[in-house]
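Observations on the three-dimensional arrangement
Spelled out from the first residue to the last, the chains are:
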Amino acid sequence: MSADTQSTQNIVVVGNGMVGHHFVEQLSQNSNYNITVLSAESRLAYDRVHLSEYFSGKTADDLALTTPEVYQQLGVNFYLDAKVTTIDKSRKVVTTEQGESYSYDKLVLATGSYPFVPPIPGKEREHCLVYRTIDDLDAIQASANTGKTGVVVGGGLLGLEAANALKELGLDTHVVEFAPQLMGVQLDQAGGQQLRKMIEELGVTVHTEKATNVITDGESSVHKMEFADGTHLETDLILFSAGIRPYDNLAREFDLAVGERGGIVVNNQCQTSDEDIYAIGECALWNNFIFGLVAPGYTMAKVAASHIDGGEESFTGADMSTKLKLMGVEVGSIGDAHARTPGAQSYTYQNERDNVYKKMVVSQDGKTLLGAVLVGDTSEYDSLLQYALNGIELPENPDALILPSNGGEKPTLGVDSLPDTATICSCLNVTKGDIVAAVDAGATDVGAIKSVTKASTGCGGCSALLKNVAENEFAKRGLEVKKDICSHFVYSRTELFHIIKAEKIKNFDTLIAKHGKGMGCEICKPAVGSILASVYNDYILQDDHLHLQDTNDTYLGNMQKDGTYSVVPRMPGGEVTPEKLIVIGEVAKEYNLYTKVTGGQRIDLFGARVDQLPAIWKRLIDAGMETGHAYGKSLRTVKSCVGSTWCRYGVQDSMSMAIFLEERYKGLRSPHKIKFAVSGCTRECAEAQSKDIGVIATENGWNLYVSGNGGMKPRHGDLFATDLDDATLIKYIDRYLMFYVRMADRLQRTSVWLESLEGGLEYMQKVVKDDHLGINDELERQMDAVVATYQCEWKTTVESPEKLKRFRQFVNSDKQDENIQFVTEREQIRPATLTEKAANGLLIETVDVTAVEPA
């Protein structure tokens, strides 16, 4: 097609959901088309996949996929609140509800779908809502303000997302499902049971095999749902999320072919029965199938744009495998999850203690993966998906793919063994071949590959696999491997650190405007927040830093499994006066907190509600205590023995040194948490060699150990220097830590960092001892600046009435979360189990009324 011909083409897109927007992105790459978008909604495209995050703090702007300015830059005309009501196929004109008409050469229907509401008498009652748009969310929030219980009708993928939304609003949340299990399409029975168990442990009550007959007035709540089995459930809000139906009314009214059960019939090029009208996404019916996931819709958008532009791409179906997090529970489903293929055999692994269920479905000869179910741990999803999609022969013992390694070698699927047809990004249908082609065409970093292929710009779940494939291709061509932190910055964490420091950038918005793109993500925002804290040591809850923090930092406490927080005052070196110990005890007694001595030699108080945190901390601060930063990626503790002061074997005053070190480095923000220990002699009672920084007293001073680690992958610290005096010891630690803060990747402990550092220990000794890079003065100045600007974040918070406003349980109510309940065990509280809550009448149960005699 010539450019002259293209310039006359008017493309009208009806609908601006995720798929419609993706079509615009595809076609607008060719500036010769005149694109007009008509949206029935009042806002441009936004991310519907993450709608529930609207109730956990994200705004409509955060969810936006584009802006008016971006569309204007692309030359796209757009009209909001412009619902199309008429299609004149003969004149090629569409008309909106307002009477405005737009002519087209090609018309693209991307009208999406609407929530299916079962025909239940009473479904039209007030506070009976659906979950589909941001306007729906506003209605749900307004309704939630007046009630305390919410029910989601539908236990599928969307229903559980909706349940998450109600839970975020603080409602006592129930899920009512007609089928015997949750997510019956994606999970087998055992997987569904495991998911149910985990979701119920999060405080959501699940009712399966419940068919609602009628919704009437409740006795203690707004509604009463009466079920076919004679039981009932009372609730204040009902949210229908029982599936979708295609928005195909325009096709029905204006004589386009539709399926028997709905959906606009399309061919492999996404053309409808009128060759100048296309349909894409959830309104389109291909091969008698409607795809309810965004990834197939994106592929349809790409195919339609290609066909309009003279291309030959075809839509031939889509893989419906999915990986997601539901209320924090990892769930994955691949291919034939139910083992319905004739002769199929299964391997299963279940660990009830850790809430993990895994299943592989293989062919009769055991050589091909047909499907998989993963609940609680989806770490093998990417590898299994590649086996399934590409027909790669399974290893000799396939079950090893889902079994714990237990120290042995686990079979791995190297990216080099993947065929070019292997799908890397299922959202955007990007294959390994596409990535190879991008590299061959000149892409030299992951960011450039993303720009060309759009891989990992959908849900982002393939980012690790994309990175591996890209780096493998770079290495094969002898290219330098870039380490971009995410798709919003083509820089590593180290490079971002230097940019922020060199340009004196003090907030995220300035950084992304000058050196990034988009609006940031859950990877780059906390990483930049950490860097800003390392460089400037500002109060992390100040307005322009607050949105960068993760949950623990946001509330200055570690969130526990029941939604409460722990309180950990600092005890430098594990030393505490009787007076402070008494105050801690009084606080624990007054607020009924579970009290435990930690491995870091301090006291942890569990079970505090978020609204109790300010009063608890004020009491502790008034007694002279400070935050222990147990929630932060920062210095946690400096463990110590009593040293030469008390111990007859001690050769140095380890207590004084430990207290000095903790006071010096407290509040230092870093790529990951840091732990110290100081032992007063080589008997090593403080276990210093298992810490990031370990100090052991000698007759002549101190031995310094670095990058030790306990936890999941223990590592013995490396002996860095011997017989140091106090001043040299501090200088070495200053330099080592500050170099680590500058150079490490996000969430990289000192042990992993040192092992991955070229030159390793020997190189670091040159840097720190010999000033090999000539930066030691700068490293020391930077550490001095951090030390000089320390502030107790909780003290700053309790002194700010404005900051205290965020410490409440619900965004829409001052009520307490009744789901947080405790029982007493060994004379202290612990979270109540689901059974215990039910036994105490804390859960709303369905009541069997069939046995009740009429009055």
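Check the entry above for the structure.
Residues numbered from 1 in each chain as written. Predicted model: local features only at pLDDT ≥ 70, side-chain atom pairs only at ≥ 80, totals over all residues. Heavy atoms only, no water.

1. Topic: empty space enclosed by the protein
One pass over the full model with this rule turns up four cavities of 30 Å³ or more. Taken as a whole, the largest cavity spans an internal volume of roughly 70 Å³. Looking at the largest cavity, the residues that line it are Ala 533, Asn 537, Asp 538, Ile 540, His 629, Gly 667, Arg 669, Thr 789, Tyr 790, Gln 791 and Glu 793. What the second largest cavity holds in volume is close to 50 Å³. (1 Å grid on protein atoms, 1.4 Å probe; cavity = no way out; pocket = protein on both sides within 12 Å on 5 of 7 lines; lining within 4 Å. Points joined across faces, edges and corners; volume = space filled by probe spheres on them.)

2. Brief notes about the pattern of salt bridges
Note that side chains of opposite charge can pair when their charged atoms are close. Inspection of the entire model under this criterion finds 40 salt bridges. Between Lys 358 and Asp 377 there is a salt bridge, with its nearest N and O atoms 3.2 Å apart. Taken as a pair, Lys 358 in strand S24 (residues 356-362) and Asp 377 in the loop between strand S25 (369-375) and helix H10 (381-390) lie far apart in primary sequence, 19 residues in all. A residue is classified by how much of its surface remains accessible, and Lys 358, at 4% relative accessible area, is buried. Here Lys 514 and Glu 503 are joined by a salt bridge, their closest N and O atoms 3.0 Å apart. Here Lys 514 is found in helix H15 (residues 508-515), whereas its partner Glu 503 is found in the loop between helix H14 (493-502) and H15, with 11 residues between them in sequence. Where salt bridges share partners, they join Lys 92, Lys 106 and Asp 276 into one cluster. (Salt bridge = Lys/Arg side-chain N within 4 Å of Asp/Glu carboxyl O. Helix = DSSP H or I, 4+ residues; strand = E, 2+ residues; numbered from the N terminus. Buried < 20%, exposed > 50% of the residue type's maximum accessible area, 1.4 Å probe, protein only.)

3. Section: the environment of Ala 64
Counting through the fold element by element, Ala 64 comes out in the loop between helix H3 (60-63) and helix H4 (68-74). Ala 64 gets classed as buried once you look at its relative accessible area, which sits at 18%. Sequence separation between Ala 64 and Asn 10 is 54 residues; the distance between their C-alpha atoms is 26 Å. Excluding residues within four positions of it along the chain, Ala 64 makes contact with Ala 45, Tyr 46 and Met 519. (Contact = heavy atoms within 4.5 Å.)

4. A few points about the packing of helix H22 (residues 726-743) against helix H25 (residues 776-788)
Orientation of H22 relative to H25, taken along the N-to-C sense of each, is 90 degrees, at an axis distance of 9 Å. It follows from the interaxial angle that H22 and H25 lie roughly perpendicular. Of the residues in H25, those in contact with Lys 731, Asp 734, Arg 735, Leu 737, Met 738, Phe 739 and Arg 742 of H22 are Asn 776, Glu 778, Leu 779, Glu 780, Gln 782, Met 783, Asp 784 and Val 786. Each residue belonging to the contact of H22 with H25 can be placed in one class, and the counts come to six nonpolar, two polar and seven charged. (Axes fitted to C-alpha atoms, helices over the stretch in contact; angles between N-to-C directions. Parallel < 35°, antiparallel > 145°, perpendicular 65-115°, else oblique. Nonpolar A, V, L, I, M, F, W, Y, C, P; charged D, E, K, R; others polar.)

5. Side note on the packing of helix H2 (residues 18-27) against helix H9 (residues 294-308)
It is the contact of H2 with H9, at a shortest axis distance of 8 Å, that shows an interaxial angle of 35 degrees. Crossing of H2 against H9: the hand is right-handed. Residues Met 18, Val 19, His 22, Phe 23, Gln 26 and Leu 27 of H2 form the contact with H9, whose own contacting residues are Val 294, Gly 297, Tyr 298, Ala 301, Lys 302, Ala 304, Ala 305 and Ile 308. Of the residues belonging to the contact of H2 with H9, the class tally is 10 nonpolar, three polar and one charged. (Left-handed = near helix turned anticlockwise from the far one by under 90°.)

6. Let's talk about unusual backbone geometry
Positive phi outside glycine occurs at Met 183, with the angle close to 45 degrees. Inspection of the secondary structure assignment puts Met 183 in the loop between strand S11 (172-176) and helix H7 (189-201). Assessed through its relative accessible area of 2%, Met 183 is described here as buried. Of note, Leu 747 is a non-glycine position whose phi angle comes to about 60 degrees, a positive value. For Leu 747, the position within the fold is in the loop between H22 and helix H23 (750-756).

7. Some details on the sheet that holds strand S30 (residues 594-597)
Spatial strand order, S28-S29-S31-S30: four strands in an open sheet with antiparallel pairing. Single-partner strands in this sheet number two, and they are strand S28 (558-559) and S30. The sheet strands contacting helix H19 (residues 578-590) are S30 and strand S31 (603-608), and the helix crosses S31 at an angle near 20 degrees. Seen against the sheet, helix H20 (residues 613-622) touches strand S29 (565-567) and S31 and runs at an angle of roughly 5 degrees to S29. (Pairing = 2+ DSSP bridges.)

8. Thoughts on the side chain of Arg 636
With respect to the helices and strands, the residue Arg 636 is situated in strand S32 (residues 635-640). Although Arg 636 is buried, it makes no salt bridge; Asp 553 carries the closest opposite charge, 7.9 Å away. A polar side-chain atom of Arg 636 sits 3.4 Å from the main-chain carbonyl oxygen of Ala 630. Non-local contacts of Arg 636, meaning those with residues more than four positions away in its chain, are made with Arg 570, Arg 602, Gly 628, His 629, Ala 630, Tyr 631, Glu 662, Lys 673, Ile 674 and Lys 675. (Lys, Arg positive; Asp, Glu negative; His and termini not counted. Polar contact = N/O pair within 3.5 Å; in protein donor to acceptor, adjacent residues only side chain to side chain.)

9. Regarding the nonpolar core
By size, the foremost hydrophobic cluster in this structure holds 88 residues, and its most contacted members are Phe 23, Leu 109 and Ile 280. Here this core takes nine residues from H9, the largest share from any one element. Among residues more than four places away in sequence, those in contact with Ile 280 are Val 19, Phe 23, Val 108, Leu 109, Ala 110, Cys 270, Met 300, Ala 301 and Ala 304. Within the second largest apolar cluster, 60 residues are counted, among which are Cys 521, Leu 532, Val 706 and Ala 744. (Core = buried A, V, L, I, M, F, W, Y, C linked by side-chain atoms within 4.5 Å.)

10. Structural notes on the pairing of strand S13 (residues 212-217)
Sheet analysis places S13 next to strand S14 (residues 223-227), joined by five bridges and oriented antiparallel. Looking across to S14, one finds that Asp 217 is bridged to His 223. In sequence, S13 turns back onto S14 through a hairpin of five residues.

11. Points about the sheet that holds strand S9 (residues 128-130)
One open sheet holds the five strands; their spatial order is S9-S16-S10-S11-S12, and the pairing between them is parallel. A single partner strand is all that each edge strand has here, and the edge strands are S9 and strand S12 (205-207). With direction set aside, neighbouring strand axes in the sheet form an average angle of 25 degrees. Bridging between strand S10 (residues 149-153) and strand S16 (residues 237-240) involves four bridges; their strand directions are parallel.

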